[in-house]
Amino acid sequence: MNAEDLEESLRRLAIVPVIEIEYADDAIPLGRTLVEAGLPIAEVTFRTDAAAEAIARMVENVPGLLVGAGTVLSEEDVDAAADAGAHFIVSPGLNAAVVRRARQRSVPIIPGVTSPTEIEAARSLGLHLLKLFPAEAIGGIRLVRALSAPYPDVSFMPTGGITAETVTAWLGQPSVVACGGSWIATRDAIASRRWDEIRTSAAQAAELAADATRTRAASS
């Protein structure tokens with residue numbers, strides 16, 4: 001998958017479940033639950049020791065699931081994600097060494113930014129799909145609107161503080177291709193294996209995403 005393919009997939013799916021998974025044994029049932037709910041994507045964050053193994057199990061055993069590695073902070077994390085078969089990488093900040101390593105491993109990366117300076121640094125590296133993080137805490141929709149004006153060639157995937165109640169407004173912004181959301185499959189729900197609860201949340205998110213995609217198509 002290249003950067004263009006990734007952006008196209010994100011525009012279509014619109015909402016990305018951000019996952020903290022504590023036990024790798026939960027990876028396959030979680031992945032299958034998301035696919036069954038109509039939201040076949042997961043960003044598995046490197047915030048637990050099980051992350052790389054969880055990614056590998058999802059990639060190998062859940063057909064049709066787009067699997068990303070999140071909270072990638074170092075070149076070693078990039079290698080672990082790539083070795084696990086991650087389809088894309090997401091980092092909370094912009095680290096040129098991490099970007100270079102992701103390119104060496106041929107995995108598209110979405111680094112996090114918060115300011116014009118960071119956006120320009122990302123553009124100088126040839127990156128035009130960026131994570132806005134932590135989205136709500138640093139200014140919300142007003143900020144993404146302000147940043148989009150001088151950088152019309154940049155698209156954003158806001159993450160951080162976005163909820164089922166606010167995601168539609170975010171997806172209504174022309175520069176936003178998708179939003180990351182941790183409400184869909186919480187760490188507690190995964191650890192407790194509440195698959196029906198997660199399936200319901202994911203199906204509701206998929207409906208919100210479909211509505212946003214239809215609205216975008218109608219306005220284009």
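The structure under discussion appears in the preceding block.
From a predicted model like this one, the values you see are computed outputs, not experimental measurements. (Residues numbered from 1 in each chain as written. Predicted model: local features only at pLDDT ≥ 70, side-chain atom pairs only at ≥ 80, totals over all residues. Heavy atoms only, no water.)

Novice: Tell me what's going on with the pairing of strand β3 (residues 66–70), and back it up with residues and numbers.
Specialist: Successive side chains on a regular strand alternate, one facing one side of the sheet and the next facing the other. Where burial is concerned, most of β3 is hidden: five out of the five residues are buried. Neither face of β3 is left uncovered, since the one carrying L66, G68 and G70 and the one carrying V67 and A69 both have all their residues buried. As paired elements, strand β2 (residues 41–45) and β3 share five bridges and run parallel to each other. Its bridge partner lying in β3, T45 is registered against G70. Crossover β2 to β3 through helix α3 (residues 51–61) is right-handed. With helix α4 (residues 75–84) bridging β3 and its parallel neighbour strand β4 (residues 88–90), the resulting β-α-β unit is right-handed. (Buried < 20%, exposed > 50% of the residue type's maximum accessible area, 1.4 Å probe, protein only. Helix = DSSP H or I, 4+ residues; strand = E, 2+ residues; numbered from the N terminus. Pairing = 2+ DSSP bridges. Right-handed = clockwise from strand over helix to strand, strands pointing away.)

Novice: How would you summarise the sheet that holds strand β8 (residues 155–158) if you had to cite specific residues and measurements?
Specialist: With respect to topology, three strands assemble into an open sheet ordered β6-β7-β8, the strand pairing being parallel. The strands lining the two open edges of the sheet, one partner per strand, are β6 (112–113) and β8. Note: β6 against strand β7 (residues 129–132), two bridges, orientation parallel. Bridge pairing links G112 to K131 in β7.

Novice: Could you give an account of the pattern of salt bridges, with specific residues and numbers?
Specialist: Under the counting rule described, the total for this entry stands at 16 salt bridges. For E20, the salt bridge identified is with R47, shortest N-O distance 3.8 Å. Within this pair, whereas E20 is found in the loop between β1 (15–19) and α2 (27–36), its partner R47 is found in the loop between β2 and α3, the two being separated by 27 residues in sequence. Judged by relative accessible area, which is 48%, R47 ranks as partly exposed. A salt bridge links D211 to R214; the nearest nitrogen and oxygen atoms lie 2.3 Å apart. Within this pair, D211 and its partner R214 are both found in helix α10 (residues 195–219), separated by three residues, close to a single helical turn. Judged by relative accessible area, D211 falls into the partly exposed class, the value being 38%. A relative accessible area of 53% places R214 in the exposed class. Connected via shared salt-bridge partners are E20, E22, R47 and R187. (Salt bridge = Lys/Arg side-chain N within 4 Å of Asp/Glu carboxyl O.)

Novice: Let's hear about the sheet that holds strand β9 (residues 179–181): which residues, and what values?
Specialist: Here we have six strands laid out as an open sheet, ordered β5-β4-β3-β2-β1-β9, and parallel in their pairing. Every interior strand has two partners, whereas the edge strands, β5 (109–110) and β9, have only one. Pairing of β1 with β2, which is carried by two bridges, proceeds in the parallel orientation. Paired with V18 across the two strands is E43, which belongs to β2. Together, β1, β2, β3, β4 and β5 form the strand contacts of helix α1 (residues 3–13), whose direction differs from that of β3 by roughly 105°. (Contact = heavy atoms within 4.5 Å. Axes fitted to C-alpha atoms, helices over the stretch in contact; angles between N-to-C directions.)

Novice: Requested: an account of the layout of surface pockets, with residues and values cited.
Specialist: Space inside the largest pocket adds up to approximately 310 Å³. Looking at the largest pocket, it is lined by 19 residues, and the ones nearest its centre are A3, E4, I109, G126 and L127. Every element with two or more residues in the lining of the largest pocket is listed here: α1, α5 (96–104) and β5. Sort the elements by how many residues they give to the lining of the largest pocket and α1 lands first, with four residues. (1 Å grid on protein atoms, 1.4 Å probe; cavity = no way out; pocket = protein on both sides within 12 Å on 5 of 7 lines; lining within 4 Å. Points joined across faces, edges and corners; volume = space filled by probe spheres on them.)

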